[in-house]
Amino acid sequence: MTIAEVSRKYEISADTLRYYERIGLIPPVPRTKSGLRDYDEESCGWVELMKCMRAAGVQIEALIEYVALFQQGDDTIDTRKALLIEQREQLLARMEDMQKSLDRLNMKIERYEQGLMTKEQQLRRFHEEKQTG
C-alpha cells in the first residue's frame, strides 16, 4: 500500500506516518525499487497498533522502546512483556482517574437536574394554586 492509502485507511496524515518511522515508533517500512514506501501487512499492523496505543495515551518513549526491543529479537521477550504490563498498569490507573471524574460530573449533572425538577414542581404548584385560587 502507498503512504496515501495507509493514511486514508488509518486516518493518519502521511507526515505523521513518516514521523513515526523516523523516530522508530514503527519499524522501517519496505520500499519499492524507486524508494517509495510500500506498506505491507506487517507495516500496517504496526501502524494500527501505534494508533491504538497513542489513542490510549501510551507514551511515545515506551512505544519506541518496545519497537527497538522487538527488533532485537526473541531475547527481549521478557523485557517487552514487562514493558507492556507496566503500560497496562498506567493505563488502568488513568482509566480509574477518568472514571472518578466521570462519576463526579454525573453527580453534578444529577444535582442540576434535581434542582430543575424542583423548580418545575414549584412552578407547577404555583400555576395550580393560581388556577384554583
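See the structure printed just above.
Since the structure is predicted, the reported quantities are computational estimates derived from the model, not experimental observations.

Asker: Hey, could you run me through the packing of aromatic side chains in this one?
Answerer: We describe a pair of aromatic rings using the distance from one ring centre to the other and the angle between the two ring planes. For the structure on display, the rule yields three aromatic pairs. Relative to Tyr20, the ring of Tyr19 lies with its centre 6.4 Å away and its plane at 50°, an arrangement referred to as tilted. On the basis of relative accessible area, Tyr19 is assigned to the partly exposed category, the value being 35%. An angle of 55° between the planes, with centres 6.2 Å apart, marks the rings of Trp46 and Tyr66 as tilted. On the criterion of sequence distance, the pair formed by Trp46 in helix H3 (residues 41-55) and Tyr66 in helix H4 (residues 60-72) is long-range, its members being 20 residues apart. Of the two residues, Trp46 and Tyr66, both sit in the buried class. Counting every residue linked through ring pairs, the aromatic cluster contains Trp46, Tyr66 and Phe70.

Asker: Just checking my understanding: could you explain a negative patch on the surface for this structure?
Answerer: A cluster of acidic residues, Asp38, Asp40, Glu41 and Glu42, forms a negative patch on the protein surface. Note that Asp38 resides in the loop between helix H2 (14-23) and H3.

Asker: Please clarify how H2 should be interpreted in this entry.
Answerer: Within an α-helix, residues lying three or four positions from one another point in the same direction, as the helix has 3.6 residues per turn. Taken together, the buried positions of H2 are occupied by Ala14, Leu17, Tyr20 and Glu21. Down the axis of H2, the smallest arc covering the buried residues is 120°, so these residues share one side. H2 presents Asp15 and Arg22 as exposed residues on the side facing more than 90 degrees away from its buried surface. In this fold, the buried residues of H2 make contact with helix H1 (3-10) and H3. Gly24 occupies a position one or two residues after H2 and carries a positive phi of about 90°.

Parameters at a glance
- Residues numbered from 1 in each chain as written.
- Predicted model: local features only at pLDDT ≥ 70, side-chain atom pairs only at ≥ 80, totals over all residues.
- Heavy atoms only, no water.
- Phe/Tyr/Trp six-rings, centres within 6.5 Å; stacked < 30°, edge-to-face > 60°.
- Buried < 20%, exposed > 50% of the residue type's maximum accessible area, 1.4 Å probe, protein only.
- Helix = DSSP H or I, 4+ residues; strand = E, 2+ residues; numbered from the N terminus.
- Patch = residues over 30% accessible without salt bridge, like charges linked within 9 Å, V, L, I, M, F, W, Y side chains within 5 Å.
- Areas by Shrake-Rupley, 256 points an atom, 1.4 Å probe, with all protein chains shown as cover.
- Salt bridge = Lys/Arg side-chain N within 4 Å of Asp/Glu carboxyl O.
- Lys, Arg positive; Asp, Glu negative; His and termini not counted.
- Charge placed at Lys NZ, Arg CZ, Asp CG, Glu CD.
- Arc of directions from axis to C-beta.
- Contact = heavy atoms within 4.5 Å.

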